[in-house]
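Working through the structure, step by step
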Protein chains: 2
Amino acid sequence: MASIKDVANLAGVAVGTVSRVINNAPAVKPTTRDKVMAAIKQLNYVPDEVARNFKMQKSKMVALMLPSIWNPFFSELAYYIEDELDRSGFKLMLCNSGGKPEKELYYFDMLKQNKVAGIVGITYNDIENIVSTDIPIISIDRHFNKQITCVTSDNFEGGRVALRELVKAGSKKPAFLGSVPLMYSETLRRKDGFVHEAQTLGIPCAVYEEPDSLKDEDQYYSNFLQRHPDIDGVFAITDMTAARYIEKAKEAGIRVPDDVKVIGYDGIQDHPYFHPLLSTIRQPVEEMARTAVRLLLKKVEGESLDREVFRIPVTYRAGETT
Amino acid sequence: MASIKDVANLAGVAVGTVSRVINNAPAVKPTTRDKVMAAIKQLNYVPDEVARNFKMQKSKMVALMLPSIWNPFFSELAYYIEDELDRSGFKLMLCNSGGKPEKELYYFDMLKQNKVAGIVGITYNDIENIVSTDIPIISIDRHFNKQITCVTSDNFEGGRVALRELVKAGSKKPAFLGSVPLMYSETLRRKDGFVHEAQTLGIPCAVYEEPDSLKDEDQYYSNFLQRHPDIDGVFAITDMTAARYIEKAKEAGIRVPDDVKVIGYDGIQDHPYFHPLLSTIRQPVEEMARTAVRLLLKKVEGESLDREVFRIPVTYRAGETT
DNA sequence: CACTAAATTGGAAACGTTTCAATATCGAAT
DNA sequence: ATTCGATATTGAAACGTTTCCAATTTAGTG
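Residues numbered from 1 in each chain as written. Chains lettered and ligands numbered in written order. Predicted model: local features only at pLDDT ≥ 70, side-chain atom pairs only at ≥ 80, totals over all residues. Heavy atoms only, no water.

1. Comments concerning the domain arrangement of chain A
Frequently, the measure chosen for interface size is the accessible area removed from exposure when the parts meet. Residue and element names in this part refer to chain A. Domain boundaries in chain A define domain 1 (4-47), domain 2 (60-153 + 285-312) and domain 3 (155-283). Computed from C-alpha coordinates alone, the two centres of domain 2 and domain 3 are separated by 28 Å. Of the roughly 1300 Å² buried between domain 2 and domain 3, counting both surfaces, carbon and sulfur atoms make up 50%. Area buried by domain 2 at its contact with domain 3 is led by F73, D141 and S153, which between them contribute 33% of it. Between domain 2 and domain 3 we count two salt bridges in total. In this structure, R311 engages E186 in a salt bridge whose closest nitrogen and oxygen atoms are separated by 2.5 Å. Where domain 2 meets domain 3, there are nine residue pairs in polar contact (both at pLDDT 80 or more). Mapped by element, the contributors of at least two residues to the side of domain 2 that touches domain 3 are α5 (72-87), β5 (149-153), α11 (285-300) and β11 (309-312). (Domains from an automatic or database assignment. Buried area = accessible area lost by both parts, 1.4 Å probe. Salt bridge = Lys/Arg side-chain N within 4 Å of Asp/Glu carboxyl O. Polar contact = N/O pair within 3.5 Å; in protein donor to acceptor, adjacent residues only side chain to side chain. Helix = DSSP H or I, 4+ residues; strand = E, 2+ residues; numbered from the N terminus.)

Okay, here's the thing in structure tokens:
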């Protein structure tokens with residue numbers, strides 16, 4: 001592999017000059033530039049990025065840390081994040097933490113050792129005191145009131161819209177259905193918005209959160225069905241939850257949407273084999289991804305951000321379940 | 001950030017000694033090791049991976065190049081690839097090529113500059129003459145009769161099983177449905193196996209491949225429905241294709257599985273909201289992923305592989321469409 | 001033509017490691 | 001005590017860049 005020295009020799013100039021040419025720094029005479037360019041072409045030289053990163057003490061690598069790329073919401077997110085990074089000449093390193101705090105720590109250490117430029121994280125840990133000062137971080141959907149900037153969808157508003165849409169679809173007794181909340185998670189605000197809107201409109205509204213102790217999924221849903229037999233509208237914290245509920249409800253002889261209207265949250269399914277097509281609050285995945293990257297790169301450049309949380313507007317998408 | 005020099009100073013030894021300690025090389029006296037360890041702990045020292053990569057002229061980074069991580073099949077694959085890499089201390093860099101040859105080239109260049117240890121690729125290009133000599137590559141589902149080792153599911157056998165299962169389900173006139181084949185793609189063998197088995201059993205068997213010229217998806221399926229009105233069994237090259245077919249068939253008043261049995265290929269859907277549950281040939285995604293990584297790392301170590309193509313067995317999974 | 005300022009280029013240090021030849025230390029055998 | 005081999009340790013070079021200062025060239029001016 002030809003190095004910058006070889007180029008310098010062939011072109012009859014100093015390595016510093018070659019360096020200036022390839023970084024098109026000013027103050028290099030056109031004729032020298034041409035000589036150098038010729039040598040570069042002749043030797044088929046390409047700069048060694050690793051050496052560069054080393055010398056510069058920083059790289060153009062950004063890590064995406066999430067529980068599992070297998071999850072379709074995350075994989076869509078990852079798609080846009082990679083795309084946006086690539087546009088700025090950055091690369092993406094993928095870290096599946098499995099949602100395990102110890103693995104998250106392990107990865108953070110590794111990333112620090114590897115001097116990544118920044119991290120986009122969807123984490124289960126209280127990462128507040130871990131890397132914040134060293135490496136710029138953007139967190140998705142988790143808000144750790146610190147310098148870790150958070151990008152999320154407008155969960156509160158999404159909850160409000162869900163309530164209104166359920167009512168509009170004819171529901172008299174809507175309920176919120178969601179599993180145990182994560183600490184720091186912004187997604188809990190979906191419930192808050194939902195409940196708030198119900199109060200505003202003076203509508204009775206039930207809330208069913210999964211108890212910590214309950215690990216059996218079947219039991220979770222049947223508990224809900226038993227405990228709230230008169231519910232005629234369900235806002236599930238996730239499309240996944242909504243789908244599972246519909247499944248169980250069907251088994252219990254409840255018809256959707258005739259007996260119960262259902263609205264989910266996410267809207268990631270765009271495949272023909274999703275049936276029934278879920279009514280849902282669609283997350284602006286692409287915009288969240290691009291925003292996260294842009295903010296992160298600003299931080300990488302040393303800029304400071306004016307806000308702690310960036311909430312992107314959501315939209316309601318009618319399906320076959322309302 | 002403390003460097004190896006700081007550690008050496010504090011411990012009162014030479015940097016070379018510290019280096020041997022952290023790489024636990026032999027020939028270092030226990031007492032010195034302890035001194036060094038103490039200094040490391042005190043300074044909170046961690047070796048700089050970038051500097052290491054630079055010095056060693058190689059990194060522990062493997063690239064995964066695929067059309068789009070958004071595709072659920074690829075995202076499952078990526079999940080296991082990352083997991084397997086991590087177990088060997090390697091990192092994953094994600095490259096979405098969009099299936100565009102020029103973007104693939106661009107990424108290959110970038111990867112070469114970044115001295116990645118190896119590449120797992122699902123590419124649309126004839127990458128045969130591009131990087132093969134420089135960087136170890138494993139290709140998934142594409143077989144370029146060269147030193148680019150290929151890992152794939154047993155597509156031929158999958159096709160045979162599909163035919164048999166359709167017949168078993170009562171189909172008299174089965175057909176293959178698949179879009180235009182990719183060059184070098186091993187997936188075409190699904191058709192070969194299907195047709196071969198039909199011939200063996202003496203059963204008539206139609207084949208409908210998407211013509212190059214035809215880009216309109218709706219037209220594609222309605223063409224098929226028109227042209228083969230008496231078909232009572234469909235083997236689709238992909239679950240995706242199967243799902244789309246079912247959709248269109250339903251619109252045309254054809255009932256699945258009453259009028260037509262359908263079998264897909266992939267079996268990636270494991271979500272409750274996939275309906276109807278597709279009968280399918282399940283790809284051994286996890287094993288493919290882990291095999292690909294293990295083979296790649298062997299190549300990275302300099303071993304040569306004894307085969308050009310590794311075919312992993314598939315299984316049939318009955319759903320609601322047969 | 002001499003002089004000055006500006007433009008261009010050369011050369012070397014530095015980034016944090018690994019590695020290798022050279023040197024030092026230690027125990028045991030003489 | 002002295003020598004020998006084995007075991008430990010040192011110190012410096014090298015990896016491929018960038019960057020800074022000094023040196024040199026060039027162009028412009030009187």
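2. Brief notes about the pattern of salt bridges
Evaluation of the coordinates by the stated rule reveals 38 salt bridges over all chains. Residues E197(A) and R160(A) are paired through a salt bridge, measuring 2.7 Å at the closest nitrogen-oxygen approach. Here the residue E197(A) occupies a position in helix α8 (residues 189-201), and R160(A) occupies one in helix α7 (residues 155-168), the gap between them amounting to 37 residues. Look at E197(A) and you get buried, because its relative accessible area is 5%. Across the salt bridge formed by E157(B) and R164(B), the nearest N and O atoms sit 3.8 Å from each other. Each of D83(A), E84(A), R87(A), E286(A), R290(A) and R294(A) takes part in salt bridges that share partners, so that together they form one network. (Buried < 20%, exposed > 50% of the residue type's maximum accessible area, 1.4 Å probe, protein only.)

3. Brief notes about helix α1 (residues 4-11) of chain A
An α-helix turns once per 3.6 residues; consequently, residues spaced three or four apart project the same way. Residues and elements named next belong to chain A. The complete set of buried residues in α1 reads V7, A8 and A11. For α1, the arc enclosing every buried residue in end-on projection is 100 degrees, short of the 170-degree limit, so these residues lie on one face. Across α1 from its buried face, at more than 90 degrees, point the exposed residues K5 and N9. Elements that come into contact with the buried residues of α1 comprise α2 (15-22) and α3 (30-43). Trailing α1 by a residue or two, G12 shows a phi angle of about 70 degrees, which is positive. (Arc of directions from axis to C-beta. Contact = heavy atoms within 4.5 Å.)

4. Examining the relation of the copies chain B and chain A
Laying chain B over chain A is done by rotating through 180 degrees and shifting 0.0 Å along the axis; what remains is an RMSD of 0.1 Å. In short, the pair behaves as if placed about a two-fold rotation axis. Both copies contact each other with a shared surface, as 98% of the interface residues of chain B are interface residues in chain A too. (Least-squares fit on C-alpha atoms with pLDDT ≥ 70 in both.)

5. Some details on the protein's contact with DNA strand D
I4(A), S19(A), A14(B), T17(B) and T32(B) are the nearest of the 28 residues found near DNA strand D. Protein-adjacent atoms of DNA strand D, using a 4 Å cutoff, are sugar or phosphate at a proportion of 63%. The side chain of S19(A) places a nitrogen or oxygen atom 2.6 Å from a phosphate oxygen of DNA strand D. Within the contact set of DNA strand D, a base oxygen lies 3.3 Å away from a side-chain nitrogen or oxygen of K55(A). Only α2 and α4 (49-56) of chain A together with α2 (15-22) and α4 (49-56) of chain B provide two or more residues apiece to the surface near DNA strand D. Counting residues per element, the surface near DNA strand D draws most heavily on α4(A), which supplies five residues. Residue composition of the surface near DNA strand D, by class: 13 nonpolar, eight polar and seven charged. (Near = heavy atom within 4 Å. Nonpolar A, V, L, I, M, F, W, Y, C, P; charged D, E, K, R; others polar.)

6. A look at the environment of F90(A)
Residue and element names in this part refer to chain A. In this fold, F90 is placed in the loop between α5 and β2 (91-96). When the C-alpha positions of F90 and A162 are compared, they lie 38 Å apart, and in sequence the two are 72 residues distant. Those residues in contact with F90, other than ones at most four positions away along the chain, are S59, K60, M61, V62, L85, A117 and L297.

7. Points about the packing of aromatic side chains
On inspection of all chains with the given rule, the structure shows 29 aromatic pairs over all chains. Ring geometry for F224(A) and Y245(A): centres 5.8 Å apart, planes at 75 degrees, overall edge-to-face. Residue F224(A) is found in helix α9 (residues 217-227), and its partner Y245(A) is found in helix α10 (residues 239-251); the two are separated by 21 residues along the sequence. Across this residue pair, the class does not change: F224(A) and Y245(A) are buried. Geometrically, the ring pair formed by F235(B) and Y265(B) is tilted, given 6.3 Å between the ring centres and 45 degrees between the ring planes. On the criterion of sequence distance, the pair formed by F235(B) in strand β8 (residues 233-236) and Y265(B) in strand β9 (residues 261-266) is long-range, its members being 30 residues apart. One exposure class covers both F235(B) and Y265(B), and it is buried. By way of ring pairs, the aromatic residues Y208(A), Y220(A), Y221(A), F224(A) and Y245(A) are connected into one cluster. Of note, R190(A) hangs over the ring of Y265(A), and the distance from its end group to the ring centre comes to 3.6 Å. (Phe/Tyr/Trp six-rings, centres within 6.5 Å; stacked < 30°, edge-to-face > 60°. Lys NZ or Arg CZ within 6 Å of the ring centre and 35° of its normal.)

8. Brief notes about the sheet that holds strand β10 (residues 279-282) of chain B
Residue and element names in this part refer to chain B. The strand order across the open sheet formed by six strands is β7-β6-β8-β9-β10-β12, and the pairing between neighbours is mixed. Every interior strand has two partners, whereas the edge strands, β7 (206-209) and β12 (315-317), have only one. For this sheet, the mean inter-axis angle between neighbouring strands, taken without regard to orientation, is 20 degrees. Against the sheet, helix α7 (residues 155-168) contacts β6 (174-178), β8, β9, β10 and β12, and its axis sits at roughly 160 degrees relative to β9. (Pairing = 2+ DSSP bridges. Axes fitted to C-alpha atoms, helices over the stretch in contact; angles between N-to-C directions.)

9. Details of the packing of α5(A) against α11(A)
Residue and element names in this part refer to chain A. Packing of α5 against α11 leaves a shortest axis separation of 8 Å and a crossing angle of 45 degrees. By the angle class used here, α5 and α11 are oblique. Between α5 and α11 lies a crossing whose hand is right-handed. Listed contacts from α11 to F73, E76, L77, Y80, I81, D83, E84, L85 and R87 of α5 are V285, E286, A289, R290, V293, R294 and L297. Each residue belonging to the contact of α5 with α11 can be placed in one class, and the counts come to nine nonpolar, no polar and seven charged. (Parallel < 35°, antiparallel > 145°, perpendicular 65-115°, else oblique. Left-handed = near helix turned anticlockwise from the far one by under 90°.)

10. Digging into helix α11 (residues 285-300) of chain B
Residues and elements named next belong to chain B. Between its first and last C-alpha, α11 extends 22 Å over 16 residues, near the 22 Å set by a 1.5 Å rise per residue. For α11, the complete set of buried residues consists of V285, M288, A289, R290, T291, A292, V293, L295, L296, L297 and K299. G302 sits one or two positions beyond α11 and adopts a positive phi of about 100 degrees. (Expected span 1.5 Å × (residues − 1).)

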